[in-house]
Amino acid sequence: MSIAFKPDETFRGDYSYRNSEAAILRFPFPFPDDQYMYSVNMEPHQPKGASAAYEHGFDVDEHYIAECRDKAITLARDPGRCQVLPHMAMAEWDTLELLMDSLSADYPEHFSLSKTGPDFGASWTWINRPLGIEQTFVFGDAATLPCGPFEYITRQAQGDFAICDQREDNLFLDAGMVTSQADWSLDFNVGMNFMEWHGPVPLAHQAGVFERALKYLMMIRLGQPVRRLNWTMTVNPRLDTSPETFPEWGPDRASLTAENIGRKLHLRVELQTLWRLPRSNALLFPIRCYLASLDELVRVPKWGKRLSRVLATLPPQLAEYKGLTRFLPTALDYLAPFDDGEALPAGTAADTERLAETA
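Throughout, residues of each chain are indexed from 1 in the direction in which the sequence is written. Owing to the predicted nature of the model, reporting of local features is limited to residues with pLDDT of at least 70; listing and counting of side-chain atom pairs is limited to 80 or more, with chain, interface and lining totals taken over all residues. With hydrogens and water stripped out, all remaining heavy atoms of the structure feed into the side-chain values.

**Some remarks on the overall build of the protein chain**
- Check the secondary structure of the protein chain and you find 13 helices and 10 strands.
- Rg of the C-alpha trace for the protein chain: 20 Å, near the compact-globule value of 21 Å for 359 residues, within the 12% margin.
- Counting across all 359 residues of the protein chain, residues that qualify as buried make up 57%.
- Any two residues having at least one pair of non-hydrogen atoms within 4.5 Å are treated as being in contact. Considering only contacts within the protein chain whose residues lie at least 6 apart along the sequence, 71% involve residues at least 24 apart.
- Reported accessibility uses the Shrake-Rupley method at a 1.4 Å probe radius. Residues are deemed covered only where the shown protein chains occlude them. For the protein chain, the exposed area adds up to about 15400 Å²; of that, 54% sits on carbon and sulfur atoms. Secondary structure elements follow DSSP: runs of H or I of four or more residues count as helices, runs of E of two or more count as strands, with numbering from the N terminus. The reference for a compact globule is 2.2 Å times residues^0.38; the radius of gyration itself is calculated from the C-alpha atoms. Exposure classes here rest on a 1.4 Å probe applied to the protein chains alone. A residue is buried below 20% of its type maximum, exposed above 50%, and partly exposed in between.

**Comments concerning helix 2 (residues 64-77)**
- Its 14 residues give helix 2 an end-to-end C-alpha distance of 20 Å, which sits within 8% of 20 Å, the value for a rise of 1.5 Å per residue.
- Considered for burial, the residues of helix 2 that qualify are Y64, I65, A66, E67, C68, D70, K71, T74 and L75. Working rule for helices: expected span equals 1.5 Å times residues minus one.

**A word on the pattern of salt bridges**
- In the sections that follow, a salt bridge refers to a side-chain nitrogen of Lys or Arg positioned within 4 Å of a carboxyl oxygen of Asp or Glu. Per the counting criterion, the structure on display carries 26 salt bridges.
- Here D59 ties to R26 by a salt bridge, and the two come within 2.9 Å at their closest N and O atoms. One end of the pair, D59, is in the loop between strand 1 (43-44) and helix 2; the other, R26, is in the loop between helix 1 (21-25) and strand 1, and 33 residues separate them in sequence.
- Overall, D59 belongs to the buried group, its relative accessible area being 11%.
- Assessed through its relative accessible area of 19%, R26 is described here as buried.
- With its nearest N and O atoms 2.3 Å apart, the salt bridge here joins R77 to E248. Taken as a pair, R77 in helix 2 and E248 in helix 8 (residues 246-249) lie far apart in primary sequence, 171 residues in all.

**Focus: unusual backbone geometry**
- Its identity as a non-glycine residue notwithstanding, D169 has a phi of 55°, on the positive side.
- Within the secondary structure layout, D169 lies in the loop between strand 6 (160-167) and strand 7 (170-177).
- In this model, D351 sits at a positive phi of 55°, which is unusual for a non-glycine residue.
- Within the secondary structure, D351 sits in the segment after helix 13 (328-335).

**Re the packing of aromatic side chains**
- Any Phe, Tyr or Trp ring, taking Trp's six-membered ring, that has another such ring centre within 6.5 Å forms a pair; planes under 30 degrees apart are called stacked, those over 60 apart edge-to-face, and the others tilted. Within the structure shown, the criterion is met by 19 aromatic pairs.
- Where F246 meets W249, the ring centres are 4.9 Å apart and the plane angle is 80°; that geometry is what we call edge-to-face. Taken together, the residues F246 and W249, both in helix 8 and 3 residues apart, mark about one turn of the helix.
- According to the relative accessible area criterion, F246 is partly exposed, its value standing at 38%.
- Using a relative accessible area of 8% as the deciding quantity, one classes W249 as buried.
- Put simply, the rings of F27, F29, F31, Y36, W231 and W303 pair up and form one aromatic cluster.
- Two thresholds decide whether a charge sits over a ring: the Lys NZ or Arg CZ must be within 6 Å of the ring centre and within 35 degrees of the ring normal. Positioned above the aromatic ring of W231, the side-chain terminus of K322 is 4.5 Å from the ring centre.

**Overview of the sheet that holds strand 1**
- The rule for pairing is simple: two strands pair if DSSP sees at least two bridges between them. Taken in spatial order, the 7 strands of this open sheet run 1-8-9-10-6-7-2, and their pairing is antiparallel. Here the strands that pair on one side only, and so sit at the sheet edges, are strand 1 and strand 2 (82-84).
- Here strand 8 (residues 226-235) pairs with strand 9 (residues 265-276) via 10 bridges, running antiparallel. Directly across from R227, in strand 9, lies its bridge partner T273.

**Some details on empty space enclosed by the protein**
- Here a cavity denotes grid points, spaced 1 Å and computed from the protein atoms alone, that fit a 1.4 Å probe unable to get out, and a pocket denotes an open set having protein on both sides within 12 Å along at least 5 of 7 lines; residues with an atom within 4 Å of a point are the lining. Grid points are joined across faces, edges and corners, and a volume is the space filled by probe spheres set on the points. Following the criterion strictly, the structure yields 3 cavities of 30 Å³ or more and no others.
- A volume near 170 Å³ is recorded for the largest cavity.
- Together, 20 residues line the largest cavity, and G57, F58, D59, Q158 and R288 are the ones closest to its centre.
- Counting residues per element, the ones that place at least two in the lining of the largest cavity are strand 6, strand 9 and strand 10 (283-293).
- Here the lining of the largest cavity gets 4 residues from one element, more than from any other, and that element is strand 10.

Structural data, given as structure tokens:
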């Protein structure tokens, strides 16, 4: 099915980003229960599940063109948002191949790839119709691309991408394209191992979550990707919420009122997948960001009720870590009228094909 792109929407300035009704229904809502606590929560990344966002290996939706443009704006302002350590060259080509193969197979009306062969030295032609790109290059020869292979292909994909090198019984964040992160810095984290990277997260370390996750991730096999969801909340539909730009978006937290919180406060969900790469044996870690306002979420009655309950029972340490403390009471007041106390079935599916009407 062809995608109706929304090329003119913005994630900064006038914040014109909105979800269509179809995009709301396919939103990857992250809460299967009425309470939330960190867990490993991994599952096979297969084309099935509660959201159509899981249908393909790499999701492309109506926001594709606008997100790629916003990524280019961030990179022009701060080229350090893309960094690749020298020993990760093989993983760069692995990533380019995986993304080009996947996108061209899953969305043939929008992307195509032709090859004279599968190995280094072969001539490949890549066509990206939404962005108006046609590029012939030699696979394995970075000089035949406008920039490095990792930067080249991740500029043309929604979300962030990290590559973790596996060595010394650990994973090291040794490459990244990070322009839509939830308040963490690639410049600070590049080169760190898995436990150092996740050091600031409260409660999860005490529960042994990251020790179990690391063991699990190091056993991921080629052709068997996995996924999980992570979440936070963001004022305004802004992709770039990095520490480097905090002066631009941090003060927005004080702008929320009872009158505007439904429109301005967004649930920010990360669809995190992990893929074993064939030549380098590294792990590719795509982090796809989805945004939905409270006004949009409550149009799915199950989600409005569940979000109200999750936020009301959130441990204070997690609320503080996720930056919710200041506006949490206002959010709960907004959500309360949408929760009638009805018992909800477990799971994250919308359980409806039609949205409630807007007020």
